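# Breakdown of the fold
Next come the chains, spelled out residue by residue.
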Amino acid sequence: KLFAVAVIALAVAAVLLSLSVYALPAGVVAVVVDPVTGQIGKPVIGPAVGFKLPWAYLIEDTYAIEVIEFAQRERAAGRWVFAPPEVLTKDGVTVTVEMVVRYKIRPERFDELVKKFPQVDYDDKVLVPKARQIIRDIVSKVDLEYFIANRDVIAKQIEQQYREAIENDPTLAGLVEVLDVNVLNFILPGQITEAINRKIAAQQDAIRAQYERQRVEELARANYTRTVLAAAAE
């Protein structure tokens, strides 16, 4: 009987120990949550080994650099790839915007982030919709002609306003750091792109024709001058 009790006690102790010890790899931060009291512990930054009450659980996230990409392609390793926003310009032309955001959380304040986002879904709730909203607000206020002539200006507006929006957001300010925001591409409908290409080709042809006229005129003037000088010499 004593042996049976000892075996059971060892088994229980082993289970409790397995439920109480946790290990975090490098690049991961976690907090211990006690569901009984509702308390959230201070962040533990990996690599680390820690102890907790058997009924408590961990909420984890990576504090390495993460990437959100809006692109017309499938998800790549280490990136969250979302469908790019499709926005109407002021005159009703659809513009698809491809963009990349690089960010990281502040691990020393991860407990504050968990209190606001217990599911650690701040990207789905703030980072992604905020990008779509800013792109929509900026592109929808300009017509196609202005858009085509000022793509670089519009890209810089999107990048700057997105960075400022996250830095000033009451739920993420000081908790998530935006490292880079890059607008990669503006995609216009096929017929619009073809029309632009035709216009550019026509402009290039006109420039080439102008240069050719200037060359012929300069050559004619040179020949005239040479002929006049030859006649004067004669």
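Below is a summary of the structure that appears in this document. A quick note: this is a predicted structure, and the numbers were derived from the prediction, not measured. (Residues numbered from 1 in each chain as written. Predicted model: local features only at pLDDT ≥ 70, side-chain atom pairs only at ≥ 80, totals over all residues. Heavy atoms only, no water.)

## Some details on the pattern of salt bridges
Under the definition given, this model contains 6 salt bridges. K42 serves as the salt-bridge partner of D111, at 3.7 Å between the closest nitrogen and oxygen. On the criterion of sequence distance, the pair formed by D111 in helix α2 (residues 110–116) and K42 in the loop between β2 (28–33) and β3 (44–45) is long-range, its members being 69 residues apart. The class for D111 is buried, based on a relative accessible area of 5%. Residue E112 pairs with R109 through a salt bridge whose shortest N-O separation is 2.9 Å. Residue class for E112 comes out partly exposed when judged on its relative accessible area of 31%. What makes R109 partly exposed here is its relative accessible area of 29%. (Salt bridge = Lys/Arg side-chain N within 4 Å of Asp/Glu carboxyl O. Helix = DSSP H or I, 4+ residues; strand = E, 2+ residues; numbered from the N terminus. Buried < 20%, exposed > 50% of the residue type's maximum accessible area, 1.4 Å probe, protein only.)

## Focus on the sheet that holds β2
Strand order across the open sheet formed by 3 strands is β3-β2-β5, with antiparallel pairing between neighbours. Taken across any chain shown, the strands that pair with only one partner, and hence form the sheet edges, are β3 and β5 (57–62). Relative to β3, β2 is paired through 2 bridges, and the arrangement is antiparallel. Following the sheet pairing, V29 is matched in β3 by I45. (Pairing = 2+ DSSP bridges.)

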